[in-house]
Each structure stands twice: as structure tokens, then as C-alpha cells.
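These are the residues of each chain, in order.
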Amino acid sequence: MADEAQPANGTDVVDKMTVEVAEMALDAKEAAAKEVAEQPGTAEPAMPSEKEANGSATPAKPVCSAAFKEQFKAFSKFGDTKSDGKHLTLSQSDKWMKQAKVIDKKITTTDTGIHFKKLKSMKVTYEDYNKFLEDLAKTKKVELDEIKNKMANCGAPGVHNATPGKAAETVARLTDTSKYTGSHKQRFDEAGKGKGIAGRKDMVDKSGYVSGYGHKNTYDKTH
């Protein structure tokens, strides 16, 4: 007589249910992750680069090549009316870099002179000048874009950003006659108006009054 099928063990039933529950939970988790990934604007933020994680400085913004080239032309004509705007001398370069405040404690005129002489020319073209700046930036460990940005935005040759109000304060101080003393004080009347030659020389009084008389022009003409 064939053995009758034995009923399933209670332990086996529990294990099977546990597996089914675990599979359902895993399927639900994967479905949720897929739904989030398909939604726009929910991408995971990019991991910071190694430089950003270490707190490195933000790279300099891109340089406007057109503006930099125009500055090159302008400074190549600075102090040289016969220049064609295609070549730059060391002197013109230093003036440009000083105005742009590139030449400072870190980069000096000695540094620019050494690197400029490597080009073996008194005047350099725009292309060679870029090589000069690349070499200088690499040696001094300064961002090239930072240097060129300053030089591209420093204004026309000879224009310096003076401190606002300084000139006005100086003029006001020099024209304040109340601050004058000694013989200079005698050059102005009580209202601060200049007396002209009378303030610089002792003029002879021809009015007929005795010198030093203090009541001049006070006589009542009706008497």
C-alpha cells in the first residue's frame, strides 16, 4: 500500500511565508526607487570633486579674449604714437600690469623682466605675449585666467581708479583762506576774496588820510 502524502511541516510553511514577505518588500522598494528616478528634477546631486572637497579655490571665470586683445592693442600704442598695435614692449607690458594690479608683492617687475627676455625680442606679438603670461603664471603659481581677467578689465591706458572725494577734499583745503596765516593771510579780505596786488605789496594810500587812521570814510558829509 502506497504511503500517503505527509502533510507539510509547520516550520516549512512559516519559512515560505517569510520568503514571500521579503520578496514583496524588495519589489516595493525597487518600484519606489524607479518611480523617483523617472521624475524630472530628482536626480541625485553630483558628488563634489576632490578639489572642492578639499576646499580649493573656485576656478577663475573664463577670459573675454576680444577684450583682452583690445587691451593689448591699446597698451601697445601707449606712449608710442607710431605703433601699429601689433607689438608690445616690456615697458608697456609693465605699465599695463601695474594698472591692472597684477604686479604686486607676488609678481614683481623683476619677474616680468626675466620671463619677457626669454622671448628674445624687444617687442612681442600677441601670440608670444600669451606665451609670456602662461610661463609667468606657471612659475609664480597664479591662475592665468585671473591675470588676464584683471588685464582685460583695468580700463584704458593711463586710467587709474583714484579714491573718490580725495581730489575734492584737497582742493577745498587749499582754497580755505581761513587756514592761511602770516603774510598769506593778508592777501584775502574778510569774505575770503583775493585782494590782488594790494595783498602782495604795500600800496601808498593817496586818499589824504594819515597812515593808521582808523575812522576813514566815517565823516558825515551833511555837516
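Provided above is the structure to which this section pertains.
Each value, and the rule that gives it
- Residues numbered from 1 in each chain as written.
- Predicted model: local features only at pLDDT ≥ 70, side-chain atom pairs only at ≥ 80, totals over all residues.
- Heavy atoms only, no water.
- Core = buried A, V, L, I, M, F, W, Y, C linked by side-chain atoms within 4.5 Å.
- Buried < 20%, exposed > 50% of the residue type's maximum accessible area, 1.4 Å probe, protein only.
- Helix = DSSP H or I, 4+ residues; strand = E, 2+ residues; numbered from the N terminus.
- Contact = heavy atoms within 4.5 Å.
- Polar contact = N/O pair within 3.5 Å; in protein donor to acceptor, adjacent residues only side chain to side chain.
- Salt bridge = Lys/Arg side-chain N within 4 Å of Asp/Glu carboxyl O.

1. With respect to the nonpolar core
If you look at the biggest cluster of nonpolar residues, it comprises 24 residues, and the most contacted ones within it are Phe68, Trp96, Met97, Tyr129, Leu133, Ile147 and Met151. Within the residue set of this core, elements represented by two or more residues are helix H3 (65-76), helix H4 (90-99), helix H6 (126-140) and helix H7 (144-152). With six residues, H6 is the largest single contributor of residues to this core. Leave out the neighbours within four places in its chain, and Trp96 touches Phe68, Gln71, Phe72, Phe75, Leu88, Tyr129, Met151 and Cys154.

2. What about the side chain of His115?
When you line up the elements, His115 lands in helix H5 (residues 109-117). Residue His115 is classed as buried on the basis of its relative accessible area of 6%. At 2.9 Å, the side chain of His115 forms a polar contact with the backbone oxygen of Asp111. A polar contact is formed between the side chain of His115 and the side chain of Thr139, at a distance of 3.1 Å. When neighbours within four sequence positions are excluded, His115 is seen to be in contact with Phe132, Asp135, Leu136 and Thr139.

3. So, the environment of Glu70
Counting through the fold element by element, Glu70 comes out in helix H3. The exposure class of Glu70 is partly exposed, given its relative accessible area of 48%. As a C-alpha pair, Glu70 and Ala152 span 82 residues in sequence and 8.1 Å in three-dimensional space.

4. Re the pattern of salt bridges
All chains considered together, the criterion is met by six salt bridges. With a shortest N-O distance of 3.9 Å, Lys131 and Asp128 are connected by a salt bridge. Highlighted residues: Lys131 and Asp128, both in helix H6, separated by three residues, approximately one helical turn. What makes Asp128 partly exposed here is its relative accessible area of 28%.

5. Quick look at unusual backbone geometry
Within the chain, Lys101 stands out as a residue other than glycine whose phi angle is a positive 60°. Within the secondary structure layout, Lys101 lies in the loop between H4 and H5. The class for Lys101 is exposed, based on a relative accessible area of 61%. The phi angle at Lys120 is positive, at roughly 55°, despite the residue not being glycine.

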